[in-house]
Structures are given as C-alpha cells and as structure tokens.
Amino acid sequence: MMIYADNAATTKMSRAAIDAMLPVMEEDYGNPSSLYTFGQRAKEILEEARSQVASVINAEPREIIFTSGGSEADNQAIRSAAMLGKKKGKNHIISTAFEHHAVLHTLKRLEQEGFEVTLLDVHEDGLVRVEELEAAIREDTCLVTVMFANNEIGTVQPIRQIGQVCKNHGVIFHTDAVQAMGHLPIDVKEDNIDLLSASAHKFHGPKGIGFLYVRKGIRLTNLIEGGAQERGLRAGTENVASIVGMAAALKESVAHMKEDTDHMRKMRDLLIEGLARIPHSALNGDPVKRLPGNVNFCFEGIEGESLLLLLDDRGICASSGSACTSGSLDPSHVLLAIGRVHDVAHGSLRLSLGEDITEEQVEYLVKNVEEVVEYLRSFSPIWRRLVKGEAEFIL
Ligand SMILES: *Cc1c(COP(=O)(O)O)cnc(C)c1O
C-alpha cells in the first residue's frame, strides 16, 4: 500500500486539469501577444481562464494577475503594499510569526530596507486574536498580511474579521491563501480581502503557476520587468497551458468542495482520534478551526526525521516540521510559534489528506504511526530518561 499523505506539500494533478492543458500544448500553442488570429486564439483561451479564476473568488477578471506560483504572488503583494505605504510615509507592517517563508523572508528584506515589522502571537491554538491585531495597528501601518490557513498545522484564521478591522482603519490586507484555495470557500468581497495569493499545485493544478488577486485601485509594483503582459504588471510570455490547467483544477475543486471536505473532515477526525491514543502525544493547532485534511502531531521522545524514514519504508508519504525539511537544525518556526519547546517540536508529524482518503487508509496510518513511534522510543535515550523519571514529560 502507498498512501500519499502530503497534500500540503503538493497535490496530484486532476484529470480535468490535464485534459484542459493538452489541447493548449498540442494545438493552441500561439503566443497571446501575437496579432494574427492564431495568437489571438491563445489570448482568448487565457482570458477565459482568467474569468473562471476570478468568478470562483467573486473578483473581476482584471483583478487577477497570473504569477509563477504562491511564492511570487506573496512577494509581489507584500512589496507592492510596502511601496504604496512608503510613498505616504507609512513604514509599519503587521504579520504573524508562523507565516510561510515566502512572506517572512520578504518581510525580513523589507526590514533591511527600513520598514518596521510587528509579528503577532498566534497562541497555543495557532489562531490570531483580532483584538490583538487591532491594538497593533498604528498611524503608520501600511499593510497587514495574515495567512488564510497555515501550511503546517492547518489552523484557519478569522480572515473576514481581520479584513473588517483593516478596512475600518484604512490598512491594506493581504492573505496568503495558498492552503485554503480550492478547499475552503473564499469570497474576496465578503471576506474584506485586498490582496490574495494562490498556487495551482496545492489544489490539483500544475506546479509553477499561481495567481495574485489585487483589488481594483491598488497599484502593484513589478518584480519582473519586460514586456507588457498582465497589463504591464508581470512581464514574460504567459504560461497559457498551466493557466488553463489551474483554472480547470480550481473549477473542479470548488464544484466538489462540500462533499469532498465533509468526507475529509470525517477522516481527519478519525485519524486525530487514533493518533491521540498514542501516549505522550499532542495535536498541534485548534482541533476544529483547521483545514479539512490537516493532521499535525507531536510525539515526545522521538525525532521527526527517523519517523518519516520509517513511515516511508511502510509506503507512507508524510512530512515533519523538523530539521531536514528546512535544511537547518532548528525545528519548525510554526511549532515554536505555538509554544512547543525544541525537543517536542522535533518530534512532529504532518499528515495532509487528499479527497480520496479512505477509512481503511486512515486505519493503516494510525497502526503504522503507532508502531513506528513505539519502536523509535524503544531505543531513544531521551525517552529512557523520561520513563526513568530523570526528566519531566511535557506532553
Ligand atoms: C506552498 C505554499 C506557498 C508557496 O507556493 P509555491 O507555488 O510553491 O511557490 C506559499 N504559502 C503557503 C501557505 C504554501 O503552502
């Protein structure tokens, strides 16, 4: 059995996405900037995809800019809002401690350029408090950027309320909605969103393509200079096939959202129930306000990496917030942000389920994680110290 339980890292492309892409690659391969009919055909296909994407989030087609993915959209959104602020003498930005690195590293860069950044606490449940956000807003705040749903622990933020507070104070609100798009209902108007980032490969579309929603009236700053594509805001010949694949994948995800997410929540809760029976374990993040497919646990006394390798031997693809994934020895900044101490954060496991997850697979996951955790503990020096009472259990 092979179980792919790493859908937060990337997803399998849907048949609908592949079927939509093939004719664009094989037949309608023109350049949308070309003036002859064949090029204009590609332009029509591109604009049809833009309308489809826009309608899913209740935006207008001209408010959608195609990018190379979520990272680029995050970079462009944040840098644009910062540049608009700078013009008005506003150089304060509010975000959270557990954003994706595409956001955090962009903010770091802006700090070096003279901006001041306040990172909000996300508490033990992985949720931003709207009152704390409001209290952090100052006269010189030019941007609030808070992710829709966290990629590691899956917690879903009170986006609509955050957007309302930003609106009341006249501050631009950006949300990294990469994990939420196609999995949770999103309406940019109802949710008071000014800028939003999304990425196709997180909702069964192709990799290397995404989009940025930009509310009418907000001026973007270019990251890539060149031709006049995307109304002059993002140069480079459009990746028409991938854009069409993204639109098809999104349309399909949204069409089946209700049934799919009802099923995933049921499977997620079964999995949480099963893993919670492992002694000295704890779920990370709020149990209810979380993505339909996200399960993230810490197991005391073990190393996330060894856990992943042994699960791999048993056909399970999963992820951990610890060392190797990030290429450093520090545990996940997300787990540290919710107050997990280093040792505990190192023993983390993220299982992100797909729409087709079955009860049988959930049982297989529980059984194997249970066995592997027990096996690793059997020769873990940290575990031995805990059991002997030489160190205190935290979980
Ligand atoms: C995957 C991810 C990104 C990056 O998207 P890419 O398309 O891979 O660049 C950004 N933010 C979040 C929350 C993500 O999960």
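Residues numbered from 1 in each chain as written. Predicted model: local features only at pLDDT ≥ 70, side-chain atom pairs only at ≥ 80, totals over all residues. Heavy atoms only, no water.

Asker: Is there a simple way to think about the overall build of the protein in this case?
Answerer: Helices and strands together make up the secondary structure of the protein, namely 14 helices and 12 strands. Taken along the three principal axes of its C-alpha coordinates, the protein extends 75 × 50 × 35 Å. The burial tally for the protein puts 56% of its 395 residues in the buried class. Long-range pairs, those at least 24 residues apart, make up 72% of the contacts in the protein with a sequence separation of at least 6. (Helix = DSSP H or I, 4+ residues; strand = E, 2+ residues; numbered from the N terminus. Buried < 20%, exposed > 50% of the residue type's maximum accessible area, 1.4 Å probe, protein only. Contact = heavy atoms within 4.5 Å.)

Asker: Mind showing me how you'd approach the packing of helix 8 (residues 257–276) against helix 13 (residues 359–378) here?
Answerer: Geometrically, a packed helix pair is captured by the angle between its two axes and the distance between the axes. Look at helix 8 against helix 13: their axes get within 9 Å of each other, and the N-to-C directions meet at 25°. Judged by the inter-axis angle, helix 8 sits roughly parallel to helix 13. For the pair helix 8 and helix 13, the crossing hand works out as right-handed. Where helix 8 approaches helix 13, its residues M267, L270, L271, G274 and L275 are matched on the opposing element by E359, V362, L365, V366 and V369. Of the residues contributing to the contact of helix 8 with helix 13, the split by class is eight nonpolar, one polar and one charged. (Axes fitted to C-alpha atoms, helices over the stretch in contact; angles between N-to-C directions. Parallel < 35°, antiparallel > 145°, perpendicular 65-115°, else oblique. Left-handed = near helix turned anticlockwise from the far one by under 90°. Nonpolar A, V, L, I, M, F, W, Y, C, P; charged D, E, K, R; others polar.)

Asker: Please clarify how the state of the cysteines should be interpreted in this entry.
Answerer: Two cysteines joined by a covalent bond between their sulfur atoms form a disulfide. Inspection of the entire model under this criterion finds zero disulfides. No disulfide involves C142; its sulfur sits 11 Å from the nearest other cysteine sulfur, which is in C166. (Disulfide = S-S within 2.5 Å.)

Asker: When you look at the nonpolar core in this model, what are you seeing that I'm missing?
Answerer: Where a protein is soluble and globular, its nonpolar side chains tend to be buried together. Core analysis: the largest hydrophobic core is formed by 64 residues, its most contacted members being L196 and F211. Among the elements that make up this core, the one with the highest residue count is helix 7 (residues 240–255) (eight residues). Per-domain counts for this core show at least three residues from each of domain 1 (15–255) and domain 2 (256–387). (Core = buried A, V, L, I, M, F, W, Y, C linked by side-chain atoms within 4.5 Å. Domains from an automatic or database assignment.)

Asker: Sorry if this is basic, but what is going on with the pairing of strand 12 (residues 348–352) here?
Answerer: Within strand 12, five of the five residues are buried, which leaves it mostly tucked inside the rest of the structure. Taking every second residue as pointing to the same face, both faces of strand 12 are buried, with S348, R350 and S352 on one and L349 and L351 on the other. By the bridge criterion, five bridges tie strand 10 (residues 294–299) to strand 12 in an arrangement that is antiparallel. Paired with V295 across the two strands is L351, which belongs to strand 12. (Pairing = 2+ DSSP bridges.)

Asker: Looking at this structure, I do not really get the environment of M1. What am I missing?
Answerer: Take M1: it is sitting in the segment before strand 1 (3–4). M1 sits in the exposed class, given a relative accessible area of 53%. On a C-alpha basis, the gap between M1 and G315 in space is 6.0 Å, while along the polypeptide they are 314 residues apart. Setting aside residues up to four positions removed in sequence, M1 forms contacts with R314, G315, Q361 and Y364.

Asker: Any chance you could explain the packing of helix 2 (residues 37–56) against helix 7 here in plain terms?
Answerer: Two elements in contact, helix 2 and helix 7, have axes whose closest approach is 9 Å; the angle formed by their N-to-C orientations is 30°. By the angle between their axes, helix 2 is roughly parallel relative to helix 7. Seen along the crossing, helix 2 lies across helix 7 with a hand that is left-handed. Mapping the contact onto sequence places A42, I45, L46, A49, Q52, V53 and V56 in helix 2 and V240, I243, V244, A247, A248, L250, K251 and V254 in helix 7. Taken together, the residues of the contact of helix 2 with helix 7 break down into 13 nonpolar, one polar and one charged.

Asker: Just checking my understanding: could you explain unusual backbone geometry for this structure?
Answerer: Backbone phi values are negative for most residues with the exception of glycine, while trans is the configuration of most peptide bonds. Unlike most non-glycine residues, R231 shows phi in positive territory, near 50°. Its place among the elements puts R231 in the loop between strand 8 (210–214) and helix 7. Here R231 falls in the exposed class, since its relative accessible area comes to 52%. The backbone of H280 shows a phi angle near 50°, a positive value even though the residue is not glycine. Locating H280 in the fold gives a position in the loop between helix 8 and strand 9 (281–283). We classify H280 as partly exposed; its relative accessible area is 26%.

Asker: What exactly am I supposed to notice about the sheet that holds strand 10 here?
Answerer: For sheets, the rule is that strands pair by backbone hydrogen bonds, running either parallel or antiparallel. The antiparallel open sheet is built from three strands, whose spatial order is 9-10-12. Each end of this open sheet is capped by a strand with a single partner; those strands are strand 9 and strand 12. Along the sheet, successive strands turn relative to each other by an average axial angle of 20°, direction set aside. Contacts from helix 8 reach strand 9, strand 10 and strand 12 within the one sheet, and its direction differs from that of strand 10 by about 10°.

Asker: Hey, could you run me through the packing of aromatic side chains in this one?
Answerer: How two aromatic rings sit relative to each other is set out by the distance from centre to centre and by the angle between their planes. Following the criterion strictly, the structure yields four aromatic pairs and no others. Between F297 and F299, the ring centres sit 5.8 Å apart and the planes meet at 10°, which makes this aromatic pair stacked. For the residue pair F297 and F299, the accessibility class agrees, reading buried in each case. Ring geometry for W383 versus F393: centroids 5.5 Å apart, planes at 65°, classification edge-to-face. Here W383 is found in helix 14 (residues 381–387), whereas its partner F393 is found in the segment after helix 14, with 10 residues between them in sequence. (Phe/Tyr/Trp six-rings, centres within 6.5 Å; stacked < 30°, edge-to-face > 60°.)

Asker: How do you make sense of the sheet that holds strand 2 (residues 64–67) when you look at a structure like this?
Answerer: Reading across from one edge, 2-8-7-6-5-3-4 is the order of the seven strands in this open sheet, with mixed pairing throughout. For this open sheet the edge positions go to strand 2 and strand 4 (116–120), each flanked by a neighbour on one side alone. Within this sheet the neighbouring strands show an average axis-to-axis angle of 20°, counted without direction. Examined bridge by bridge, strand 3 (residues 92–96) and strand 5 (residues 141–145) share three bridges and lie parallel to one another. Across the sheet, residue I94 finds its bridge partner in strand 5, namely V144. Of the strands in this sheet, strand 2 and strand 8 are in contact with helix 2, which crosses strand 2 at around 115°.

By themselves, these figures tell us nothing about what the structure is for.
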